[in-house]
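Spelled out, the chains give:
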Amino acid sequence: MDGRVFDIQRFSIYDGPGIRTNVFFKGCNLRCLWCHNPESQSAKRQLLFYKNKCVGCGKCAEICNKTFTAECVACGRCAKVCAHGARKISGDIMSADEIVEAVLRDAEFYKTSGGGVTLSGGEPLLQPEFAAEVLKKCKENGIHTAIETAADVPWTSFEAVLPYLNLVLCDIKAMDEENHIKCTGFSNKRILENAEELKRSVVKVVFRTPVVPGYNDCEVEKIAKFCSPCEYELLAYHRTGCGKYEALNMSYALENIEAPNREFMEKLAEKTNAIYNYTGI
């Protein structure tokens, strides 16, 4: 079974216990204003162009006459000849076996740290059968499995993967529906319904909120109450993905929003009895 992914990140320590390999699925049905992986939003293969890395050597134009035109189909030929990393393709088709092979390379690190694999995105549950196949194969190899989801999918998508999961990391971005639409472009009705179902599942669930000043920081206490009795984690908004917007010729909506500082996040975590690990981002 094949699916579309845009990155496989090794030695991650923020998306589940221990040392993990994160597999980023391409495609998302939300449009969060603060999204730090804008290349995850479209399910299609895309070309990113980092102008600051381009030295004007012309190699890309020599190999493809559609470079820098609207006719570009993100074939990737220009990225292959770019020696400076100015061009990057996002969105490769991979088989479940290929992904599992990549995950198993660090099996010893999972054993010593209690880590494993985390499917992220984008929204991995937009490819539920593929996600289930990857998770099943990982479980068969004794790998701890987790998924990071925004939960705006039919419950049947969860049913496809829950038998192969040890952990669900579920984002709750806002409780107020109007504010959720403002922040993500879509209602949170299905998300909250799925969250209630997850609370009743036998799989461990950790709810998470990316805290964005001026957008959802005022809702954190309400979200924490809703998520009880499950674990609740706060994630500080950061700006590390801003350069990707320019590379994709997209505008970034939160250009003037600063990341919350450590003191603010720690006070918020204390007030809501939430987990918060400062990363320095």
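Residues numbered from 1 in each chain as written. Predicted model: local features only at pLDDT ≥ 70, side-chain atom pairs only at ≥ 80, totals over all residues. Heavy atoms only, no water.

Turning next to the layout of surface pockets. Approximately 350 Å³ is the volume found for the second largest pocket. In terms of lining residues, the second largest pocket is bounded by 17 residues, among which L47, F49, A247, L248 and N249 are the most central. Listing elements by their share of the lining of the second largest pocket, those giving two or more residues are β3 (46-49) and α10 (242-247). Per element, the largest residue contribution to the lining of the second largest pocket is three residues, and it comes from β3. Its residues assigned to classes, the lining of the second largest pocket comprises nine nonpolar, four polar and four charged. (1 Å grid on protein atoms, 1.4 Å probe; cavity = no way out; pocket = protein on both sides within 12 Å on 5 of 7 lines; lining within 4 Å. Points joined across faces, edges and corners; volume = space filled by probe spheres on them. Helix = DSSP H or I, 4+ residues; strand = E, 2+ residues; numbered from the N terminus. Nonpolar A, V, L, I, M, F, W, Y, C, P; charged D, E, K, R; others polar.)

Moving on, we get to the packing of aromatic side chains. In this structure the tally under the stated criterion is five aromatic pairs. Here W155 and F158 contribute two aromatic rings whose centre-to-centre distance is 5.1 Å and whose plane-to-plane angle is 25°, an arrangement assigned as stacked. Of this pair, W155 and F158 both sit in helix α6 (residues 155-161), separated by three residues, roughly a single helical turn. Consider the rings of Y245 and Y252, whose centres lie 4.7 Å apart with planes at 55°: the pair is tilted. Grouping residues by exposure puts Y245 and Y252 together as buried. The ring of F49 has R87 sitting right over it, with the charged end atom 4.9 Å from the ring centre. Here the basic side chain of K199 rests over the ring of F226, its NZ or CZ set 4.3 Å away from the ring centre. (Phe/Tyr/Trp six-rings, centres within 6.5 Å; stacked < 30°, edge-to-face > 60°. Buried < 20%, exposed > 50% of the residue type's maximum accessible area, 1.4 Å probe, protein only. Lys NZ or Arg CZ within 6 Å of the ring centre and 35° of its normal.)

The next point concerns the nonpolar core. L119, V168, I172, Y232 and L234 are the most contacted members of the largest nonpolar core, which totals 65 residues. Here this core takes six residues from helix α5 (residues 128-140), the largest share from any one element. With near-sequence residues (within four places) excluded, V168 lies in contact with I147, T149, L162, L198, V203, K204, V205 and V206. In terms of nonpolar packing, the next biggest core, distinct from the first, is built from six residues, C60, A74, C78 and I89 among them. (Core = buried A, V, L, I, M, F, W, Y, C linked by side-chain atoms within 4.5 Å. Contact = heavy atoms within 4.5 Å.)

Our focus in this paragraph is helix α7 (residues 177-184). Of all the residues in α7, the buried ones are N179, H180, C183 and T184. For α7, the angular spread of the buried residues around the axis is 110°, confining them to a single face. Considering only its buried residues, α7 is in contact with α8 (189-199). A distance of 3.2 Å separates the backbone nitrogen of E178 from a side-chain oxygen at the start of α7, and that oxygen is part of D176. At the exit of α7 stands G185, carrying a positive phi of roughly 90°. (Arc of directions from axis to C-beta. Polar contact = N/O pair within 3.5 Å; in protein donor to acceptor, adjacent residues only side chain to side chain.)

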